[in-house]
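Letter by letter, the chains look like this.
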Amino acid sequence: MLDMIQALRADMHDAEGVSSRIAVELNTSCPNIRGAPPPAYTPSALRPLLEVLARHYEKDRTLAIGLKLAPYTY
C-alpha cells in the first residue's frame, strides 16, 4: 500500500512542494478482528506496522505520517 501511495506522490510531484498534499494515517485504535484488541494495545502487533512506516519514512523524509493511538484508560 505504501509503495502505491509513494508512486502516486511521485506521479503528482508531491515531494516538490512546500508541504505534502498526500499523507498516510495509521489508525491503531479500531479493531478489525472481532474479539481481538486494537493493535495499539498489543506491542507485538503494533511494532511491525511501525517498522514498515519507519522504513518508508527513512527512504523519503517528505512522507507525512499520522499515527492514531487508542485511548489508554487503564
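About the cut-offs
- Counting from 1, residues in each chain are numbered in the order their sequence is written.
- Given that this is a predicted model, residues contribute local features only at a pLDDT of at least 70 and side-chain atom pairs are listed and counted only at 80 or more, while totals for whole chains, interfaces and linings are drawn from all residues.
- The side-chain values count all of the structure's non-hydrogen atoms but skip hydrogen atoms and water molecules.
- Numbered from the N terminus, helices here are DSSP runs of H or I no shorter than four residues, and strands are runs of E no shorter than two.
- Counted as a polar contact is a pair of N or O atoms within 3.5 Å, where, for protein atoms, one must be capable of donating a hydrogen and the other of accepting one, and residues adjacent in sequence contribute only when both atoms are in side chains.
- The contact criterion used is simple: two residues touch if any of their non-hydrogen atoms lie within 4.5 Å.
- Basic side-chain nitrogens of Lys or Arg form a salt bridge, by our definition, when they fall within 4 Å of a carboxyl oxygen of Asp or Glu.
- Under the scheme applied here, a residue whose accessible area is under 20% of the maximum for its type counts as buried, over 50% as exposed, and between as partly exposed, the area being computed with a 1.4 Å probe on protein chains only.
- Put simply, a patch holds well-exposed residues, over 30% relative accessible area, that have no salt bridge, with like charges counted together within 9 Å and Val, Leu, Ile, Met, Phe, Trp or Tyr side chains within 5 Å.
- To measure how exposed things are, a 1.4 Å probe is used in the Shrake-Rupley method; for residues, cover is taken only from the protein chains shown.
- By nonpolar core is meant a set of buried Ala, Val, Leu, Ile, Met, Phe, Trp, Tyr and Cys residues that side-chain atoms within 4.5 Å join together.

Some remarks on the side chain of Thr-28
- Tracing the backbone through its elements, the reader meets Thr-28 in the loop between strand E1 (23-27) and helix H2 (43-59).
- Side-chain polar atoms of Thr-28 contact the backbone oxygen of Lys-68, separated by 2.7 Å.
- Excluding its chain neighbours within four sequence positions, the residues that come into contact with Thr-28 are Pro-38, Pro-39, Ala-40, Leu-46, Leu-67, Lys-68, Leu-69 and Ala-70.

Details of the side chain of Asp-14
- You can see Asp-14 is positioned in the loop between helix H1 (2-11) and E1.
- Within polar-contact distance, the side chain of Asp-14 engages the side chain of Arg-9 at 2.8 Å.
- Separated by 2.5 Å, the side chains of Asp-14 and Ser-20 make a polar contact.
- With residues near it in sequence (within four places) discarded, Asp-14 still touches Arg-9, Ser-19, Ser-20, Arg-21 and Ile-22.

Section: the pattern of salt bridges
- A full pass over the atoms with the stated rule returns five salt bridges.
- Note that Asp-14 is salt-bridged to Arg-9, the shortest N-O span being 2.8 Å.
- Overall, Asp-14 belongs to the buried group, its relative accessible area being 2%.
- Across the pair Arg-61 and Glu-58 runs a salt bridge, and its minimum N-O distance is 3.0 Å. Comparing Arg-61 with Glu-58, the two get one shared label, exposed.
- One network of salt bridges, with partners in common, ties together Arg-9, Asp-14, Arg-21 and Asp-60.

Re a nonpolar patch on the surface
- Taken together, the side chains of Leu-50, Leu-67 and Leu-69 define a hydrophobic patch exposed on the protein surface, amounting to about 230 Å² of accessible area.
- The partly exposed category is assigned to Leu-50, whose relative accessible area is 33%.

So, the nonpolar core
- In terms of nonpolar packing, the biggest core is built from seven residues, these being Leu-2, Ile-5, Ile-22, Val-24, Leu-26, Leu-53 and Leu-63.
- Elements with a minimum of two residues in this core: H1 and E1.
- Contact partners of Ile-5, with chain neighbours within four places excluded, come to Ile-22 and Val-24.

Examining unusual backbone geometry
- Despite not being glycine, His-13 shows a phi value in the positive range, around 55°.
- Within the element layout of this structure, His-13 appears in the loop between H1 and E1.
- Take His-13: its relative accessible area is 46%, and that puts it in the partly exposed class.

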